Amino acid sequence: MTSSRPRADACPGALQTHSAADGELARVRVPGGLLTTAQLRVLAAAARDLGDGALEMTSRGNLQLRGLAPGAARDLGDRLAAAGLLPSETHERVRNVLASALTGRAGGLLDARPWVTALDAGLCADPALAALPGRYLATLDDGRGDVSGLGGDVGLLALSASSVALLLAGEDSGLRASPAGAVDLLLAATRAFLAERDAQGGTAWRLAELDGGVARVAARLDGTWSAPVAVPPAPEGGPVGAQTQGDGRTALIGVVPLGRIAAGQAELLASLTAEVQLTPWRSVVVPDLAEDRVDDAAVDLYRTGVVFDAASPWVRVTACAGRPGCAKSLADVRADAAAAVASGAVPGDSRVHWAGCERRCGRPRGDVLDVVATPAGYRVG
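Residues numbered from 1 in each chain as written. Predicted model: local features only at pLDDT ≥ 70, side-chain atom pairs only at ≥ 80, totals over all residues. Heavy atoms only, no water.

Chemist: For this particular structure, what's the right way to read the pattern of salt bridges?
Modeler: Two side chains carrying opposite charge are able to pair once their charged atoms lie near each other. Here the structure, examined in full by the defined rule, presents 26 salt bridges. In this structure, Asp78 and Arg74 form a salt bridge, with 4.0 Å as the shortest nitrogen-oxygen distance. Within this pair, Asp78 and its partner Arg74 are both found in helix 2 (residues 72-82), separated by 4 residues, close to a single helical turn. What makes Asp78 partly exposed here is its relative accessible area of 45%. For Arg74, a relative accessible area of 45% puts it in the partly exposed group. The shortest N-O distance in the salt bridge between Arg363 and Asp370 comes to 2.8 Å. Judged by its relative accessible area of 4%, Asp370 falls in the buried class. Salt bridges here are not isolated pairs; linked through shared partners, they connect Asp22, Asp52, Glu56, Arg66, Arg260 and Arg334. (Salt bridge = Lys/Arg side-chain N within 4 Å of Asp/Glu carboxyl O. Helix = DSSP H or I, 4+ residues; strand = E, 2+ residues; numbered from the N terminus. Buried < 20%, exposed > 50% of the residue type's maximum accessible area, 1.4 Å probe, protein only.)

As structure tokens, then:
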């Protein structure tokens, strides 16, 4: 059923910032979560020079800078453009693209990284697609089933090395493409989503909000049809620890507690490898490490708070911004969540999300125990 939105989409971007209690907030899109370390250094310097000294990871593998002064967005935009992080001012808020963690390095049926590059270029090259809602999301799953269930409006799921399924609102549409033609089909589906959205009044933010959205968008497309397959459900978390790559090198995957990367941590990450990948589970992949560098890299990152133990409660604990960043929050939920982890008060069998109000911003998908701040204290459940 079509959702009637009472207000326009005001999803923040790098140039269209959001006014928060602690200053302006900018969200930098990082398609596929893939960053060169030169780009990571630029972001770290921007966080230190313009913001509160840290980068915040989001559930879409993007990064936020908080505490920006009024007018700082232009300086930030100039820095991002010079680093290749702002290829289009008109399209910068719609470049929401998730890709499988470790794709092209370990696991999966194919390498989704060329899809990331091609999709981002295709989005930015079409002036009409600047009208997409800021909450538009594309998922590019190399067949391991890690991002297909994360609520994408459109997506690709590799079924074999030669066949790719088109997903619409997280469902298999039945349409198929070769890996080489998959991005073209995805872009066609994106245009069809926008056309159907316009036909239904232009207020919906997500494909799933449209009346008959999946069927109507699919009907606008041409291609090869097959019987739909079940889409893997959203996993509760991503990989953690050391992973041997197909080329024999090692990738370290570390969880960043509450997704907050200090500028110094970002610079350390940038010193270890040529590229990093941010994941939707607020972890970071440090790939391509030679055997003799793995232990030292892990120790250096561990000393800054990065977690490599899959049994750590930090793997299961998330939180919204809370005080002082959010004026609606009734508590400093990040500090309280950290205290709960330190005291061992986090249940050992549950994912736990701390929220400063009933909106529960940043809550992960799936089965989660909510710890919600109220005027009378926290309510659990």
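Text resumes after the structure shown.
Chemist: Would you explain the layout of surface pockets in this entry?
Modeler: The space that makes up the second largest pocket amounts to roughly 280 Å³. Forming the boundary of the second largest pocket are 17 residues, of which Pro31, Leu34, Arg95, Val116 and Asp120 lie nearest the centre. Broken down by secondary-structure element, the contributors of at least two residues to the lining of the second largest pocket are strand 3 (34-36) and helix 3 (113-125). Classifying every residue of the lining of the second largest pocket by side-chain character gives 9 nonpolar, 4 polar and 4 charged. (1 Å grid on protein atoms, 1.4 Å probe; cavity = no way out; pocket = protein on both sides within 12 Å on 5 of 7 lines; lining within 4 Å. Points joined across faces, edges and corners; volume = space filled by probe spheres on them. Nonpolar A, V, L, I, M, F, W, Y, C, P; charged D, E, K, R; others polar.)

Chemist: Mind showing me how you'd approach the environment of Glu267 here?
Modeler: With respect to the secondary-structure elements, Glu267 resides in helix 6 (residues 263-270). Classification of Glu267 by relative accessible area gives partly exposed; the value is 31%. Placed 105 residues apart in sequence, Glu267 and Val372 show a C-alpha to C-alpha distance of 34 Å. In this structure Glu267 touches Ala44 and Arg48, once residues within four positions along its chain are discounted. (Contact = heavy atoms within 4.5 Å.)

Chemist: I tried to follow the sheet that holds strand 17 (residues 317-319) on my own but got confused; where do I start?
Modeler: Within a sheet, neighbouring strands are paired by backbone hydrogen bonds and run either parallel or antiparallel to one another. On the basis of which strands lie adjacent, the open sheet formed by 4 strands has the order 17-18-19-20 and mixed pairing. Two strands lie at the open edges of the sheet, namely strand 17 and strand 20 (377-380), each paired on one side alone. If you compare each strand with its neighbour and ignore which way they point, the axes differ by 20° on average. In this sheet, strand 19 (residues 369-374) lies alongside strand 18 (residues 352-355) in parallel orientation, the contact comprising 4 bridges. Looking across to strand 19, one finds that Val352 is bridged to Leu369. Across the sheet, helix 8 (residues 333-343) is in contact with strand 17, strand 18 and strand 20; its angle to strand 18 comes to roughly 145°. (Pairing = 2+ DSSP bridges. Axes fitted to C-alpha atoms, helices over the stretch in contact; angles between N-to-C directions.)

Chemist: Could you clarify how one ought to interpret the nonpolar core in this entry?
Modeler: Most often, soluble globular proteins keep nonpolar side chains buried together rather than apart. Core analysis: the biggest nonpolar cluster contains 42 residues, and Leu35 and Leu55 have the highest contact counts within it. Leu55 has contacts with Leu40, Leu43, Ala44, Ala47, Leu63, Gln64, Leu65, Gly259, Arg260, Ile261 and Ala266, leaving out every residue within four places of it along the chain. Residues Trp115, Ala158, Phe193 and Val217 belong to the second largest nonpolar core, which totals 38 residues. (Core = buried A, V, L, I, M, F, W, Y, C linked by side-chain atoms within 4.5 Å.)

Chemist: What is the right way to look at the pairing of strand 9 (residues 164-168) in this model?
Modeler: A regular strand places its side chains so that they alternate between the two faces of the sheet. Counting buried positions over the 5 residues of strand 9 gives 5, a clear majority of the element. Because side chains alternate across strand 9, one face comprises the buried residues Val164, Leu166 and Leu168, and the other comprises Ala165 and Leu167, equally buried. With 5 bridges connecting them, strand 8 (residues 154-158) and strand 9 associate as antiparallel partners. In the strand pairing of strand 9, Ala158 is matched with Val164. From the end of strand 8 to the start of strand 9, which pair antiparallel, there are 5 residues. Here 4 bridges tie strand 9 to strand 10 (residues 171-177), and the two strands are oriented antiparallel to one another.

Chemist: What should I look at first to understand the side chain of Thr190 in this one?
Modeler: Within the secondary structure, Thr190 sits in helix 4 (residues 182-199). Among the polar contacts made by the side chain of Thr190, one reaches the side chain of Tyr136 at a distance of 2.9 Å. Those residues in contact with Thr190 that sit more than four places away from it in its chain are Leu123, Leu129, Leu132, Tyr136 and Val154. (Polar contact = N/O pair within 3.5 Å; in protein donor to acceptor, adjacent residues only side chain to side chain.)

Chemist: Hey, could you run me through helix 3 in this one?
Modeler: Taking 1.5 Å per residue as the helical rise, helix 3 with its 13 residues ought to reach 18 Å, and the 19 Å between its terminal C-alpha atoms agrees with that figure. All of the buried residues in helix 3 are Trp115, Val116, Leu119, Asp120, Gly122, Leu123 and Cys124. Residues of helix 3 that are buried make contact with strand 6 (97-99), strand 7 (138-141), strand 8, strand 9 and helix 4. (Expected span 1.5 Å × (residues − 1).)

Chemist: Looking at this structure, I do not really get the sheet that holds strand 8. What am I missing?
Modeler: Read from one edge to the other, the open sheet built from 6 strands follows the order 6-7-8-9-10-11, with strand pairing classed as mixed. Of all strands in the sheet, those with a lone pairing partner are strand 6 and strand 11 (224-225), marking the two edges. One ladder, built from 2 bridges, connects strand 10 with strand 11; its direction is antiparallel. The residue of strand 11 that forms the bridge with Leu175 is Trp225. Here helix 3 sits on the sheet and contacts strand 6, strand 7, strand 8 and strand 9; the angle it forms with strand 7, its principal contact strand, is near 155°. Contacts from helix 4 reach strand 7, strand 8, strand 9 and strand 10, with the element oriented near 155° to strand 8.

Chemist: Whenever I open this one, the packing of helix 1 (residues 37-50) against helix 6 confuses me. Can you help?
Modeler: The contact between helix 1 and helix 6 brings their axes to 9 Å, and the two run at 165°. Between helix 1 and helix 6, the crossing angle belongs to the class labelled roughly antiparallel. For the crossing formed where helix 1 meets helix 6, the hand is left-handed. Where helix 1 approaches helix 6, its residues Thr37, Leu40, Arg41, Ala44 and Arg48 are matched on the opposing element by Ala263, Gly264, Ala266, Glu267, Leu269 and Ala270. Taken together, the residues of the contact of helix 1 with helix 6 sort by class into 6 nonpolar, 2 polar and 3 charged. (Parallel < 35°, antiparallel > 145°, perpendicular 65-115°, else oblique. Left-handed = near helix turned anticlockwise from the far one by under 90°.)

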